[in-house]
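Structural description and commentary
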Number of protein chains: 2
Amino acid sequence: MWSQIAEDLRAKITDGTLPTDARLPSEAELTTQYGVARATVRQALTALVNEGLIVPKAPRGYFVRHRQPLFYRPQTEFRPQPKTPEMDRFMADHSAEGREPRQSIDVSIVAPPPEVRQRLKLKEGELAVVRRRVRYLDGEPYNTNDSYFPLSLVQDTEIMRPVDIARGANEVLAEQGQEQVRALDEIYVRMPTPDEVRRLDLGPGTPIACHICTGLTADGSPVRVVVNVLPGDRHVIVFEREGMDPASNDKA
Amino acid sequence: MWSQIAEDLRAKITDGTLPTDARLPSEAELTTQYGVARATVRQALTALVNEGLIVPKAPRGYFVRHRQPLFYRPQTEFRPQPKTPEMDRFMADHSAEGREPRQSIDVSIVAPPPEVRQRLKLKEGELAVVRRRVRYLDGEPYNTNDSYFPLSLVQDTEIMRPVDIARGANEVLAEQGQEQVRALDEIYVRMPTPDEVRRLDLGPGTPIACHICTGLTADGSPVRVVVNVLPGDRHVIVFEREGMDPASNDKA
DNA sequence: GAGTGGTCTAGACCACGTA
DNA sequence: ACGTGGTCTAGACCACTCG
């Protein structure tokens, strides 16, 4: 039974018999060891791969994956904070720590995907400007950050140029009379699309958090939608709260 | 090539040719249709299952999975809110909406798992009280909520009884001179353990968010750790913010 | 060249719902 | 009774990397 083999190996991983980065027995070894066909061993190993516990490295074997808190990076994203002007916060946060942050920016005019179109309250066919970015840390892709703006609001502004905006996009929006004063954050958890796998170089068994942030003006009309894709193996979302009720929906 | 088959089917799902709940062609049909062996078709289908796109239903076929926002449930968890006394917020929130909330409670004394032990700053071997709960909505498991307290703090209090605590656990802690005034929230995204799959009845390809909340007193010592496990297909984490900087670490 | 995983074939038997 | 997916076998060839 393949699930038995998987269970054995899983136990050895979680109890430390097979530590991080250790090499598992080869498929051939496991077939003789358990006296089953190779496909059966393979099914067990595939299960562990999809659980995110191990990773197959081409012609060298299966290896125990790095444990979760690899990048134990408290994201300041969800902690209300004073503005950090002059520089993108991602860059500022991480370059202060001996890491090497880098990002690619790419600006284009697109028909926004449905989930963005709805949040921006655009009609079918209306266009948006998207600033698509991939952030890297020490050369590894860390997350993506796609900011969508209604084309009508930002046409001919700095936002359409594929470089950092030193003042921040909010300033630019404010100049257009579209100051953003409120935001709605939604976080979805799901498996990545093949596109996301490519863009972020995700291993198998790596789920992602999709953080969609909708920025609103004082009168409640949306002026931007930011879609962040955060690979689960590289992110811990952290925030602090003051106040009495810590356990969230927990009272007892 | 199995990835070609997967791509074909994936396209049909995302473009709506195969809508939600539609039945895919059977493995046998696909083998003749593509002229390949069954195992090859199977590999393609398994990939889609692990992406969370389809679900195999025992002897009836593969079906397109419900789309993400099944329970489009704004969680109030992350929005600082006034206390709702008298009743567990989970129950209050959802019974107000024609849903049927239910929860099981089970209290025990345990050696806490490492991630809890560290956050409670307990020494190796020190014990904790855990109130383990599974929340159900309309009969389906919705999430789990395990609250850990240092045994020394809550011995012989209401917290050790396996029933709702009307006043809320915070009140009880406060009476012990351990009022919680601050909290640290961490959210991890990963694939579930087999345990979690059982407890929450998770389908394949369903990642989870693990929300760990550490409650602190005024002097910074931890008094409780709550581990919430939120299945990705049943949760959208939502919160609102006031203030200028909506796009999180996004400035440009 | 040897060993690895990646892919594929062509069978087989089973449990299980549905008709 | 039949068709479904779930499991398993016993092979095969490949591309790749390593020593």
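Chains are numbered independently. Their residues run from 1 in the order of the written sequence. Note on labels: chains are lettered from A, ligands numbered from 1, in written order. Whole-chain, interface and lining totals are the exception, using all residues; otherwise, since this is a predicted model, local features are given only for residues with pLDDT of at least 70 and side-chain atom pairs are given and counted only at 80 or more. In computing side-chain values, all of the structure's heavy atoms are included and hydrogens and water are not.

Looking at an unreviewed UniProt entry, one finds chain A named HTH gntR-type domain-containing protein, with Asanoa iriomotensis as its source organism.

1. Quick notes on the protein's contact with DNA strand C
Near DNA strand C you find 20 residues, and of these A:R42, B:M1, B:W2, B:A37 and B:T40 are the closest. The contact atoms of DNA strand C, taken as those within 4 Å of the protein, divide so that sugar and phosphate hold 71%. Taking B:R38, its side chain carries an N or O atom lying 3.0 Å from a base nitrogen of DNA strand C. Here a polar contact is recorded for every N or O atom pair within 3.5 Å, except that within protein the pair must consist of a potential hydrogen donor and a potential acceptor, and residues adjacent in sequence are included only if both atoms are side-chain atoms. Within the side chain of B:T40, one N or O atom sits 2.6 Å away from a phosphate oxygen of DNA strand C. Those elements that provide at least two residues to the surface near DNA strand C are α3 (38–50) and β2 (61–64) of chain A together with α3 (38–50) of chain B. In terms of residues, the surface near DNA strand C owes the most to one element, α3(B), which gives 4 residues. Residues are grouped as follows: Ala, Val, Leu, Ile, Met, Phe, Trp, Tyr, Cys and Pro are nonpolar; Asp, Glu, Lys and Arg are charged; every other residue, Gly included, is polar. Its residues assigned to classes, the surface near DNA strand C shows 10 nonpolar, 4 polar and 6 charged. Throughout, the term near means that a residue has one or more heavy atoms lying within 4 Å of the molecule or strand in question. A helix here means a DSSP run of H or I that spans at least four residues, while a strand means a run of E at least two residues long, and both kinds are numbered starting from the N terminus.

2. Focus: the protein's contact with DNA strand D
Within the structure, DNA strand D sits among 20 residues, and A:M1, A:W2, A:A37, A:T40 and B:R42 are positioned closest to it. When the atoms of DNA strand D within 4 Å of the protein are grouped by moiety, sugar and phosphate amount to 71% of the total. Within the side chain of A:T40, a nitrogen or oxygen atom sits 2.5 Å from a phosphate oxygen of DNA strand D. Residue B:S26 places a side-chain N or O atom 3.4 Å away from a phosphate oxygen belonging to DNA strand D. Secondary structure elements with two or more residues in the surface near DNA strand D: α3 of chain A together with α3 and β2 (61–64) of chain B. The element that contributes the greatest number of residues to the surface near DNA strand D is α3(A), accounting for 4 residues.

3. Notes on helix α2 (residues 27–34) of chain A
All names here are of chain A. Partly exposed describes any residue whose relative accessible area lies between the buried limit of under 20% and the exposed limit of over 50%, with all areas from a 1.4 Å probe on protein chains only and scaled to the type maximum. Within α2 the residues assigned to the buried category are E27, L30 and T31. Along the axis of α2, the buried positions cluster into a sector of 105 degrees, meaning they face one direction only. Set apart from the buried face of α2 by more than 90 degrees, the exposed residues are A28 and T32. Its buried side turned inward, α2 meets α1 (2–14), α3 and β2. Our arc is simply the arc of the directions from the helix axis toward the C-beta atoms. Contacts: residue pairs with any heavy atoms within 4.5 Å of one another.

4. Side note on α1(A)
Every helix has an expected span of 1.5 Å times one less than the residues it contains. Between the first and last C-alpha of α1(A) there are 18 Å, a value that for 13 residues agrees with the 18 Å anticipated at 1.5 Å per step. Taken as a whole, α1(A) has its buried residues at A:I5, A:A6, A:L9, A:R10 and A:I13. Projected down its long axis, α1(A) shows its buried positions confined to an angular sector of 130 degrees, all on one face. Check the buried side of α1(A) and you find it contacts α2, α3, β1 (54–57) and β2 of chain A together with α8 (194–200) of chain B.

5. A word on the pattern of salt bridges
Criterion for a salt bridge: a side-chain nitrogen of Lys or Arg within 4 Å of a carboxyl oxygen of Asp or Glu. Taken as a whole and judged by the stated rule, the model has 22 salt bridges over all chains. Salt-bridge contacts for B:R10 lead to B:E51; the nearest nitrogen and oxygen are separated by 2.7 Å. In this pair, B:R10 sits in helix α1 (residues 2–14) while B:E51 sits in the loop between α3 and β1 (54–57), placing the two residues 41 residues apart along the sequence. Accessibility assignment for this pair places B:R10 and B:E51 in one class, buried. One salt bridge in this structure joins B:D146 and B:R199, with 2.8 Å as the shortest N-O distance. Taken together, the residues span a long stretch of sequence, with B:D146 in strand β5 (residues 140–150) and B:R199 in helix α8 at a distance of 53 residues. Residue classification places B:R199 among the partly exposed positions, given a relative accessible area of 25%. A single network of salt bridges, built from pairs that share partners, joins A:E27, A:R38 and A:R42.

6. Remarks on the packing of aromatic side chains
In summary, the pairing rule links any two rings of Phe, Tyr or Trp, Trp by its six-membered ring, whose centres are within 6.5 Å, and it sorts them by plane angle into stacked for under 30 degrees, edge-to-face for over 60 and tilted for everything else. By the definition in use, this model includes 0 aromatic pairs over all chains. Comment: the charge-over-ring label is applied if NZ (Lys) or CZ (Arg) is within 6 Å of the ring centre and within 35 degrees of the ring normal. Lying across the ring of B:F63, B:K57 places its NZ or CZ 5.7 Å from the centre.

7. Concerning unusual backbone geometry
Its identity is not glycine, yet A:D21 carries a phi of approximately 75 degrees, on the positive side. In this structure, A:D21 sits in the loop between α1 and α2. Assessed through its relative accessible area of 43%, A:D21 is described here as partly exposed. Although it is not a glycine, B:D156 adopts a positive phi angle of roughly 65 degrees.

8. Let's talk about the side chain of A:H211
Note on placement: A:H211 falls in strand β8 (residues 208–217). Reaching out from A:H211, the side chain makes a polar contact with the side chain of A:D185 at a distance of 2.6 Å.

9. Topic: the pairing of β2(A)
Residues and elements named next belong to chain A. Pairing of β1 with β2, which is carried by 4 bridges, proceeds in the antiparallel orientation. When the bridges of β2 are listed, K57 appears paired with G61. Here, any two strands with at least 2 DSSP bridges between them count as paired. Taking the residues that link successive antiparallel strands as the turn, the β1-β2 hairpin has 3 residues.

10. Quick notes on the packing of α2(A) against α3(A)
In helix packing, the relevant descriptors are the interaxial angle and the interaxial distance, both defined with respect to the helix axes. Residues and elements named next belong to chain A. Two numbers describe how α2 lies on α3: the axes approach to 9 Å, and their chain directions differ by 110 degrees. In terms of their interaxial angle, α2 and α3 are classed as roughly perpendicular. Classified by chirality, the crossing of α3 by α2 is right-handed. Of α3, the residues touching α2 (which contributes E27, L30 and T31) are R38, V41, R42 and L45. Grouping the constituent residues of the contact of α2 with α3 by class yields 3 nonpolar, 1 polar and 3 charged. Axis definition: a line fitted to C-alpha atoms, limited for helices to the stretch in contact. Angles are taken between N-to-C directions and run from 0 to 180 degrees. These descriptions rest on fixed angle ranges, namely under 35 degrees for roughly parallel, over 145 for roughly antiparallel, 65 to 115 for roughly perpendicular, and the rest for oblique. Two helices cross in a left-handed way if the nearer one is turned anticlockwise from the farther one by less than a right angle. They cross in a right-handed way if the turn is clockwise.

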